Structure formats: C-alpha cells, structure tokens
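# Descriptive analysis of the structure
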Amino acid sequence: MIPELNNPSVCMRDPQRVQDILMSMQKSGSNTLQVISDFDMTLTRFAYEGKRCPTCHNILDNSKLISNDCKEKLKELLNTYYPIEIDSSRSIEEKLPLMVEWWTKAHDLLVEQRIRKDLLATVVRESEARLREGFQLFFNHLHEHSIPLLIFSAGIGDILEEVIRQAGVFHSNVKVFSNYMDFDESGVLKAFKGELIHIYNKREGALLNTGHFQELRTRPNVLLLGDSLGDLTMADGVQDMENILKIGFLNDKVEERKQSYLDSYDIVLVKDETLEVPNAVLLYLTGNK
C-alpha cells in the first residue's frame with residue numbers, strides 16, 4: 001500500500017491494523033486530519049555523520065552564552081537525571097517528581113546566565129541542530145493542505161521556533177506548546193513563563209490551551225510522531241478521536257527498548273534519520289499517491 005513501509009528500518013507489531021487505520025483515515029479526507037508531534041529527536045535528527053545532534057536545551061547549553069561553570073552544572077544534572085528518564089524499570093509516577101526537579105534546576109541555572117534575547121538567532125545558526133531529511137516536504141505539504149501541526153516539546157520554545165524559522169518552514173498552521181523564556185524590558189532572560197512542560201505532562205500542558213482545541217474538534221484523525229514513551233499521551237486532549245496512527249522514532253538503546261516501542265507505537269522507525277515514512281503516510285492520506 002505504502003512502499004516505504006517495507007523499508008528495513010520499519011518495524012510493526014500489527015501491519016494489518018496499520019493498514020486499516022490508514023484506509024479509514026484516508027477515507028475521512030485530509031480536512032479531518034491533525035498532526036501532533038514531539039520536536040527534539042523526532043522532527044530533528046538524533047545524529048548526523050556519526051555525531052549526536054543537539055536538543056533545544058543543548059543548543060543553549062553548548063553556546064557561548066553559557067559560562068563554563070554553568071555548563072558543568074548542567075552536565076551534572078544530565079548525568080544524574082537522564083539515566084532515570086530512560087530507565088524502563090521505574091514507573092512514570094516515580095520519575096515524574098525527578099523530571100520536574102531536573103527541568104526546574106536547569107531553568108534556574110539558565111536564568112542566572114542573564115541570556116540576551118537578541119543573541120538566540122545567532123546561537124541557533126551556529127549550532128549543529130538539524131531537522132530530519134525530508135523536512136521541507138513535511139512542513140510544506142501540511143501547510144499546503146491546511147493541516148494543523150501541533151508541536152509539543154519539553155524543550156525551549158524560543159529556540160525551537162528559531163530552528164524552524166531558520167529552516168524556512170515556520171508556516172501559519174504550526175502551533176508550538178513548549179517552555180518559553182520571559183525577558184525583561186532590556187531583553188534579558190528573567191524567568192520561564194507559565195506551567196513547566198516536561199517529558200511526562202505534555203498532554204496537560206496542551207489542555208490548558210483549550211482555545212486551540214475548539215478549532216481542532218472537527219479533526220478527529222491524528223497522526224502522532226514521537227521518540228519516547230512519554231510522547232504517547234500527547235493526543236490525550238483530542239476530543240471524539242476516530243483514528244490515531246502513532247509513529248515512533250527509536251533512536252538509541254535499540255535492543256533494550258524495541259519491545260516496549262513495538263507495544264506502544266503502530267510504526268517504529270529504528271535508527272532512521274529521515275521523515276521518509278511520515279511523508280509517505282501524509283502523501284497517502286492527502287491523496288497524493
């Protein structure tokens with residue numbers, strides 16, 4: 001049906017179910033579709049030419065806006081909390097307070113750095129951040145068909161938006177839910193705005209923005225893209241959902257995590273740095289076969 005689903009990087013627990021969902025979604029038409037996606041390591045690459053690519057936080061952490069002392073402290077936090085985040089033996093309930101602790105400490109450290117708003121674009125330009133191969137087709141096709149793209153990210157919204165803007169694909173159909181910086185009148189970072197969005201509460205963060213959900217009520221078909229098991233709840237705020245197709249990028253620690261991804265996502269893409277499969281699905285759903 002979609003030749004790209006036969007790629008060696010594609011794993012599916014139940015190919016027939018995937019086919020049924022795709023056919024049902026295509027029949028409903030693209031005006032019933034919305035795309036909900038994570039950002040870091042989902043729309044951006046995990047690695048390029050053998051080297052890890054940065055997340056939104058990394059872009060800032062690795063930049064010249066951050067002192068060496070602060071970099072060390074952020075690294076210590078990463079070494080302490082990242083193993084907890086990906087530890088499959090711990091429950092989400094157990095991880096939750098620890099993730100909040102990590103994000104809060106990291107944000108407090110960044111605020112101490114008195115980061116200037118006018119330097120963010122340069123920092124992004126000089127970084128190694130890259131959207132996945134095929135991103136132009138992905139963003140442009142969604143825009144051409146007026147399909148909303150909701151990006152939920154535990155990263156930093158200001159940096160995330162700048163990455164998309166510099167790639168030339170920040171279209172009007174893109175809505176971002178993330179952690180945004182709050183600058184004082186002289187353009188210096190003084191805090192982060194609103195509720196903290198971390199890896200396990202993206203859904204709650206979304207529900208606070210119910211205004212967007214009114215216009216999405218007529219779009220009960222969801223294509224969800226993520227790279228962690230925490231991303232699976234991103235669509236929980238969608239009302240009267242008819243179909244959801246979940247595509248998961250398994251970037252790292254493949255053997256120990258593969259089964260849990262196959263149990264949770266409809267399509268699992270193993271060490272695939274492109275948007276080839278999501279693009280093929282979109283073309284199919286919008287009738288551009």
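Given the structure is predicted, the values throughout are model-derived calculations rather than measurements.

### A short note on the confidence of the model for the chain
Put simply, the chain has an average pLDDT of 91, and 95% of its residues get 70 or more. The secondary structure element of the chain with the lowest average pLDDT is helix α8 (residues 202-207), at 62, and the one with the highest is helix α6 (residues 135-144), at 98.

### Regarding the nonpolar core
If you look at the biggest cluster of nonpolar residues, it comprises 69 residues, and the most contacted ones within it are L60, F138 and F139. Both domains that meet at this core, namely domain 1 (3-47 + 130-185 + 193-286) and domain 2 (54-126), each give it at least three residues. If near-sequence neighbours (up to four positions away) are discounted, F139 is found in contact with L43, L131, L149, I164, V169, H171 and V174. Counting residues in each nonpolar core, the second largest holds 21 residues, with C11, L150, F177 and M234 among its members.

### Observations regarding helix α1 (residues 15-28)
Look at α1: 20 Å from first C-alpha to last across 14 residues, which is about the 20 Å you get at 1.5 Å a residue. All of the buried residues along α1 are V18, I21, L22 and M25. Each buried residue of α1 sits inside an arc of 100° when the element is viewed along its axis, so together they form one side. Considering only its buried residues, α1 is in contact with β2 (33-37), β9 (221-226), β10 (243-250), β11 (267-270) and α11 (276-285). Note on α1: the residue one or two positions beyond its end, G29, has a positive phi of about 95°.

Analysis parameters
Residues numbered from 1 in each chain as written. Predicted model: local features only at pLDDT ≥ 70, side-chain atom pairs only at ≥ 80, totals over all residues. Heavy atoms only, no water. pLDDT = per-residue confidence, 0-100. Helix = DSSP H or I, 4+ residues; strand = E, 2+ residues; numbered from the N terminus. Core = buried A, V, L, I, M, F, W, Y, C linked by side-chain atoms within 4.5 Å. Buried < 20%, exposed > 50% of the residue type's maximum accessible area, 1.4 Å probe, protein only. Domains from an automatic or database assignment. Contact = heavy atoms within 4.5 Å. Expected span 1.5 Å × (residues − 1). Arc of directions from axis to C-beta.

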